[in-house]
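Structure at a glance
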Amino acid sequence: MALKKRLPRYSTVEINGIRYYKTYVEDATGKRIILYGKTREELYDKEMNALEQADSSLLRRKSPTVAEYCEKWLMMQSVHVRATTLTDYTSKVRRHIIKELGDKHIADVTENDIRLALVPVSSKSASVYKSVVILYRSIFKSALESHVIAENPTIYLDAKGGGIPQKERTALSDEQAKKLIDTVRGLPPYEFVMIGLYTGLRREEILALQWDSVFLDVPAPYLTVQRAWHTEHNRPVIMTELKTKAANRNIPLPDCLVECLKEAKAKSKSEYVISNSEGDPLSYTQYKRLWQYIVTRTAKERSYYRYEDGKRVKHTINPQVGEKAAHNGKVVYSLDFEVTPHQLRHTYITNLIYASVDPKTVQYLAGHENSKITMDIYAKVKYNRPDDVVVAMAGAFAQWES
């Protein structure tokens, strides 16, 4: 037998000859709201609904702003994530979440508010867009679990299809790698390029490399990865905490790199392989300036502005390989292709695969924690040439021909 709900006692009032039940509730501001109903059941339902709305309104009014809760969330993350991960979180939260919604009370934020805030992020890369969506979902899930909000507006938020897809990574050809080396020989980025091409170290691993991790006078020269470079407010921070456990590895050095590093070490007055004029690790600005030596020698369309008759006029040039730069006669356009620091690493991994190094060894030398990353690259690289596919297929089905 179902239990009948017990209704409270209500006062009654007669309006235009009709009797009504009457009560009142207080809203979130303390203001009294009078409610009427023709029956006690009707009034009871109205009362429960009004109380629920008042509680929800009170929750919204007392909830912290998005900025306040995000800063608290970041502080909570600092306990169990790497310092570099926290730096990445902080940058994206402040740039893409607090900047857009920081002044709103977190309990007032709707799904549409978040979707509008994501519009500027959609002009970034797909990976940045995905990570910002994940941060939104993590922050609002935490707020829900902490009873800061009553509903989570991110439950239907999806990162798929957002942002600009990244270009497929391509390795430098042997000819391009040789051109690059010849171009930077004798210039500041020479050692950086050589280390990248012949060890596959990540940018942050190259810039943190110290001479105590480079062993040149042993029967089989090698270097060991044990530090990582990061910057905070443009200043370098060298950390012993690497990206993953797999990042800590020993890399054998080919003869050409051994000779390069021996020459560099003989001239070096720093404990760092790549350093500034004072022997310190590079700041972010100094690193960008280092790579600019390569950018300025690339024959690609570029624009610049000049003031002519008091007006700012845009000029576009299309330099050709072999030409000297108009603004600097010492700079010769030597590269007919663009190159990024990560391409050095990708070229190293690609060459390992072309040399038939087994996938587990490639995974170790690349410092990949997840074998899936290695195998995805392996599959794309190993059989991206039609002739290789034909040979592989012929071998796979050879037994059927007997």
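In this report, the structure presented in the accompanying data block is examined. (Residues numbered from 1 in each chain as written. Predicted model: local features only at pLDDT ≥ 70, side-chain atom pairs only at ≥ 80, totals over all residues. Heavy atoms only, no water.)

Here's the deal with the overall build of the chain
Applicable threshold: The way it works is that DSSP assigns letters per residue, a run of H or I at least four long becomes a helix, a run of E at least two long becomes a strand, and they are numbered from the N terminus. In this scheme, a residue with accessible area under 20% of its type's maximum is buried, one over 50% is exposed, and one in between is partly exposed, where area comes from a 1.4 Å probe on protein chains only. In this analysis, two residues are considered to be in contact whenever any of their non-hydrogen atoms come within 4.5 Å of each other. Where accessible areas are quoted, they stem from the Shrake-Rupley method and a 1.4 Å probe; at the residue level, only the protein chains shown are allowed to cover.
Counting its secondary structure elements, the chain contains 14 helices and 12 strands. The buried share of the chain, taken over its 402 residues, is 38%. In the chain, 58% of the contacts between residues at least 6 apart in sequence involve partners at least 24 apart. Per element, the accessible surface of the chain, about 25,100 Å² overall, is 51% carbon and sulfur.

Considerations on the state of the cysteines
Defined as follows: Criterion for a disulfide: a pair of cysteine sulfur atoms within 2.5 Å.
Following the criterion strictly, the structure yields zero disulfides and no others. This cysteine, Cys256, is not joined by any disulfide, and Cys260 carries the nearest cysteine sulfur, 8.2 Å off. Among the residues examined, Cys256 registers a relative accessible area of 35% and is labelled partly exposed. A relative accessible area of 4% means that Cys260 is categorised as buried.

Describing the pairing of strand 12 (residues 328–332)
Successive residues of a regular strand alternate their side chains across the two faces of the sheet. Operational definition: Note: two strands are recorded as paired if DSSP finds a minimum of 2 bridges between them.
Pairing of strand 11 (residues 324–325) with strand 12, which is carried by two bridges, proceeds in the antiparallel orientation. Directly across from Lys324, in strand 12, lies its bridge partner Val332. In sequence, strand 11 turns back onto strand 12 through a hairpin of two residues.

Regarding the sheet that holds strand 5 (residues 222–224)
Ordered by their spatial adjacency, three strands build an open sheet running 4-5-8, and the pairing between neighbours is antiparallel. Each end of this open sheet is capped by a strand with a single partner; those strands are strand 4 (214–215) and strand 8 (250–252). Summarising the sheet, strand 4 and strand 5 pair through two bridges and their orientation is antiparallel. Counterpart to Val214 in the pairing with strand 5 is Leu223.

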